[in-house]
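Commentary on secondary and tertiary structure
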Amino acid sequence: MRYCPIDLIDFDDEVDECTECGGPLVEGSARESFEDVGEEEWVELDPLPGLAYAKLVKEALEGEEIPCYIEALLAGGGLEAGYYGTQATVMVQDSKFDEALEIQQGMAPPDDDDLLIDPDADDF
Ligand SMILES: [Zn+2]
């Protein structure tokens, strides 16, 4: 896995540069940028309909001082079809999960807002 140290996005190995900023990727995972959070487990929030939206959620979480990064998922036809990042998942620390999920679910997706966020999914 590779990641963009600027955007904190993990990409698959076949991606050579960041699809967001065009910068070079670094071997490893963006979670390595969070040295101060130690070995705490990272968990996924609900999948989002695109990198652009995942970045909005990440900004909102950062505004609440919740450490987070994005995993971009290769979907559909891959890079050549221009499909890269059609799905993305925001990763947060286990201890921040409930707080982060509430923030994410409080944000309406740009389109099709009932497709990916299930109002019944937060039953815990
Ligand atoms: Zn980038």
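Focus on the overall build of the protein
Within the protein, the secondary structure is distributed over two helices and six strands. Element order for the protein, N to C, with α for helix and β for strand: β-β-β-β-α-β-β-α. Within the span of the protein, comprising 124 residues, buried residues form 42% of the whole. Of all intrachain contacts in the protein linking residues separated by at least 6 positions in sequence, the fraction that spans at least 24 positions is 60%. Split by element, the accessible area of the protein, about 7,000 Å² in all, is 44% carbon and sulfur.

Quick word on the pattern of salt bridges
All told, the structure shown has five salt bridges when counted by the stated rule. Here arginine 2 makes a salt bridge to aspartate 16, at a shortest N to O gap of 3.4 Å. One end of the pair, arginine 2, is in strand S1 (residues 2–4); the other, aspartate 16, is in the loop between strand S2 (9–11) and strand S3 (26–27), and 14 residues separate them in sequence. Residue class for aspartate 16 comes out exposed when judged on its relative accessible area of 61%.

Focus on the coordination of the zinc ion
In ideal tetrahedral geometry, four donors around a metal make angles of 109.5 degrees, whereas ideal octahedral geometry with six donors gives angles of 90 or 180 degrees. Listed as protein donors to the zinc ion are Cys4 (SG), Asp7 (OD), Cys18 (SG) and Cys21 (SG); their distances from the metal cover 1.8 to 2.3 Å. Around the zinc ion, the four donor atoms sit at angles spanning 100 to 118 degrees, and that spread fits a shape best called tetrahedral. Sequence spacing of the donors to the zinc ion: C-x2-D-x10-C-x2-C. Here the residue aspartate 7 occupies a position in the loop between S1 and S2, and cysteine 18 occupies one in the loop between S2 and S3, the gap between them amounting to 11 residues. Residue classification places aspartate 7 among the buried positions, given a relative accessible area of 11%.

Comments concerning a negative patch on the surface
A cluster of acidic residues, Glu41, Glu64, Glu65, Asp94, Asp98, Glu99 and Glu102, forms a negative patch on the protein surface. Mapped onto the fold, glutamate 102 is located in helix H2 (residues 97–105).

So, the sheet that holds strand S6 (residues 87–93)
Taking strand neighbours across the sheet as the criterion, the six strands line up as S3-S1-S2-S5-S6-S4 in an open arrangement whose pairing is mixed. Strands with a single pairing partner mark the edges of an open sheet, and in this sheet they are S3 and strand S4 (42–44). With respect to the sheet, helix H1 (residues 51–63) is in contact with S2, strand S5 (68–73) and S6, its orientation differing from that of S5 by roughly 170 degrees. Against the sheet, H2 engages S4 and S6, with an angle of about 145 degrees to S6.

The rules behind each value
Residues numbered from 1 in each chain as written. Predicted model: local features only at pLDDT ≥ 70, side-chain atom pairs only at ≥ 80, totals over all residues. Heavy atoms only, no water. Helix = DSSP H or I, 4+ residues; strand = E, 2+ residues; numbered from the N terminus. Buried < 20%, exposed > 50% of the residue type's maximum accessible area, 1.4 Å probe, protein only. Contact = heavy atoms within 4.5 Å. Areas by Shrake-Rupley, 256 points an atom, 1.4 Å probe, with all protein chains shown as cover. Salt bridge = Lys/Arg side-chain N within 4 Å of Asp/Glu carboxyl O. Donors = N, O, S within 2.8 Å, 3.2 Å for Na, K, Ca; no water. Tetrahedral: all angles 85-135°; square planar, octahedral: opposite > 155°, others 65-115°. Patch = residues over 30% accessible without salt bridge, like charges linked within 9 Å, V, L, I, M, F, W, Y side chains within 5 Å. Lys, Arg positive; Asp, Glu negative; His and termini not counted. Charge placed at Lys NZ, Arg CZ, Asp CG, Glu CD. Pairing = 2+ DSSP bridges. Axes fitted to C-alpha atoms, helices over the stretch in contact; angles between N-to-C directions.

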